[in-house]
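Next come the chains, spelled out residue by residue.
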Amino acid sequence: MKSDAIVVGSGPNGLAAAITLARAGCAVRVLEANSTIGGGARSAELTRPGFVHDLCSAIHPLARGSPFFRTLPLEHHGLKWIQPPIALAHPLDDGGAACLRQNLAAPNDSLGRDENAWRQMMRPLVRDWEKLAAEFLQPMLHFPRHPLALARFGLSALAPAAWLARRRFRDERARALFAGLAAHSFLPLDIAGSAAFGLVLGAAGHAVGWPLPQGGAQAISNALAAHLLELGGKIETDSRVENLAQVKEARAVLFDTTCWQFARIAAQELPRRYRRRLERFRHAPGVFKIDYALAAPLPWRAAECRAAGTIHLGGSLEEIAKSEREVANGRSPARPFVLVAQPSLFDESRAPHGQHTLWAYCHVPHGSTCDMTKAIEQQLERFAPGFRDCVLARHTTDAAGLERSNSNLLGGDINGGATHLWQLFARPVVSPAPYRTPLPGIYLCSASTPPGGGVHGMCGYHAAGTALRDLFG
Ligand SMILES: Cc1cc2nc3c(=O)[nH]c(=O)nc-3n(C[C@H](O)[C@H](O)[C@H](O)COP(=O)(O)OP(=O)(O)OC[C@H]3O[C@@H](n4cnc5c(N)ncnc54)[C@H](O)[C@@H]3O)c2cc1C
């Protein structure tokens, strides 16, 4: 079949690119290697029948806050957001928990003496959220439309997360809460720029919440796909693209693959210098993930954890910083920082009545084959004593397993490349339109391009915009 455009890969960025092209009137075809659509936003019964687990993404501040997704009729196609009463809880060894509550103005005594300091840090970012989201969800190299808001953000964002937390907060609770947010970056917390992730994710939590889609992450992909089909687009699953000859009939081809896969697929055609740049793009560390079927909700020691969609397990700032530093140095931490989501507490469709699902992962060195089950379960048991008695079944996935389920997850890297400062500018090359490759009509649109990882579709949206300007006038 002839198409104006082919998109290779049906992750959130691939589907966003395809929708953008279809909206402009192009005939679009999406070719997906897997038998199911959605890439990093998929759900399946991994453990037992009736337990619906998220294969990758589970919590979606960036999807909820995505300037592009907000223009789409996703709710019309069945997407329903659920906001847990507490966005994020961070339990500590004293039996309490620091919390991120969506309403920044509401009292938050979980932060003790730092309640106001937290509010002061977040208030300008939450106030400017729309402006800031538009600025940082695009290539770094651009003329800012909101320079003041961006400069205010940049002053703190460029700092190391550990330094900023110690400077802003007096006590362990707020410091630990901020460290957990910043650790989403996969960066050591003592390097420049690591604070940016803590600020963005914290501000997003207050501005749009940390919601989960009813039915799981697959609901986002299904809604995007339904809208694409409505616009006349086509999706073909079980269609892996191995070389450019397979897609040569289209005027525009957009690759929702990592830059390393693209370098391999187009190895013969790409100029050597550009190919080497892609090959040298640095990987982020990987993840080790466990999905649980549970007989009962987790017996959290801190009551706040029972009302939170996301829980960060890692204790103090110092402990989290140590664990992230170990990962960066190529070691698997004995006490890892563990990210946990408990969707079935707020969405009955995720497990049989009275039973539950739990999603947990920790960071590991890139490509690690280390089994982190014991280390993750020790952290769960530490903050929810009796956790093991709730487990009906578990499904573990190491870096290699992740890569088998989605070839974009090379070595367990979930973000299409490391997010240290240089690679935020050069993603994967320094350019105001880094989606363009040296090959006419061929573009990159995955998380290896700006603004990077997460379910927001903005890489696909910007890449398709570039293609439309270049080729379709
Ligand atoms: C364990 C885990 C937890 C995560 N948690 C969150 C979270 O809670 N919130 C959040 O916002 N983000 C989260 N993420 C990150 C998020 O899933 C990704 O950043 C996002 O999916 C990237 O989107 P993408 O479209 O660039 O690529 P992907 O979603 O990876 O999609 C790429 C698609 O391309 C297909 N493909 C690859 N190569 C080919 C080929 N040669 N031919 C045809 N098809 C091909 C793949 O099969 C896949 O479907 C998580 C990721 C993982 C792995």
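The structure displayed is predicted, hence computed values, not measured ones.

Caption draft 1: Expanded view of the sheet that holds strand 10 (residues 252-255). Spatially, five strands are ordered 9-2-1-10-16 in an open sheet, and the strand pairing comes out parallel. Edge positions in the open sheet fall to strand 9 (234-236) and strand 16 (442-444), since each of these has one partner strand only. Strand-to-strand twist of the sheet, defined as the mean angle between neighbouring strand axes without regard to direction, takes the value 20 degrees. Inspection of the sheet shows strand 1 (residues 5-8) paired to strand 2 (residues 28-31) by four bridges, in the parallel sense. Of the residues in strand 2, the one forming a bridge with Ala5 is Val28. Along the sheet, helix 1 (residues 12-23) makes contact with strand 1, strand 2, strand 9 and strand 10, crossing strand 1 at roughly 170 degrees. Across the face of the sheet, helix 17 (residues 458-471) comes into contact with strand 10 and strand 16 while running at roughly 160 degrees to strand 16.

Caption draft 2: Representation of unusual backbone geometry in the model. With an omega dihedral of -10 degrees, the bond running from Arg427 to Pro428 counts as a cis peptide bond. Along the chain, the position of Pro428 falls in the loop between helix 16 (421-425) and strand 16. For the bond from Pro450 to Pro451, the omega torsion is 10 degrees, close enough to zero to count as cis. If you trace the backbone, Pro451 turns up in the loop between strand 16 and helix 17. For Phe186, which is not glycine, the phi torsion reads 65 degrees and is therefore positive. With respect to the helices and strands, Phe186 occurs in the loop between helix 7 (172-182) and helix 8 (194-207).

Caption draft 3: Structural context of the sheet that holds strand 6 (residues 86-91). Read across the sheet, seven strands follow the order 7-6-12-13-14-11-15 without closing on themselves; strand pairing throughout is mixed. What marks the edges here is a single partner per strand, and that holds for strand 7 (97-100) and strand 15 (391-397). Ignoring which end each strand starts from, the neighbouring axes of this sheet average 20 degrees apart. Bridge analysis of strand 11 (residues 286-294) against strand 15 gives six bridges, and the strand direction is antiparallel. Across the sheet, the residue bridging to Asp291 is His395, located in strand 15.

Caption draft 4: Spatial organisation of helix 8. Spanning 14 residues, helix 8 covers 21 Å between terminal C-alpha atoms, matching the ideal 20 Å at 1.5 Å per step. For helix 8, the buried fraction is high: 13 of the 14 residues fall into the buried class.

Caption draft 5: Layout of the packing of aromatic side chains. The tally for this structure, following the rule as stated, stands at nine aromatic pairs. Relative to Phe136, the ring of Trp129 lies with its centre 6.0 Å away and its plane at 65 degrees, an arrangement referred to as edge-to-face. For the pair formed by Trp129 and Phe136, the shared burial category is buried. Taken together, the aromatic side chains of Phe68, Phe69 and Tyr461 make up a single cluster linked through ring pairs.

Definitions and cut-offs
- Here the residue index of a chain counts from 1 through its sequence in written order.
- Owing to the predicted nature of the model, reporting of local features is limited to residues with pLDDT of at least 70; listing and counting of side-chain atom pairs is limited to 80 or more, with chain, interface and lining totals taken over all residues.
- Where side-chain values are given, they derive from all heavy atoms of the structure, hydrogens and water being excluded.
- Two strands qualify as a pair provided DSSP detects at least 2 bridges between them.
- Only DSSP runs of H or I reaching four residues or more are called helices, and only runs of E reaching two or more are called strands; each is numbered from the N terminus.
- Axis lines are fitted through C-alpha atoms, for helices just across the contact stretch, and the angle between N-to-C directions can take any value from 0 to 180 degrees.
- Any two residues whose heavy atoms approach within 4.5 Å are treated as being in contact.
- Helices are assigned an expected span. That span is 1.5 Å times one less than the residue count.
- Type-normalised accessible area, obtained with a 1.4 Å probe on protein chains alone, sets the label of each residue: buried when under 20%, exposed when over 50%, and partly exposed for intermediate values.
- The rule is short: rings of Phe, Tyr and Trp, with Trp giving its six-membered ring, pair when the centres are within 6.5 Å, and they are stacked under 30 degrees, edge-to-face over 60, tilted in between.

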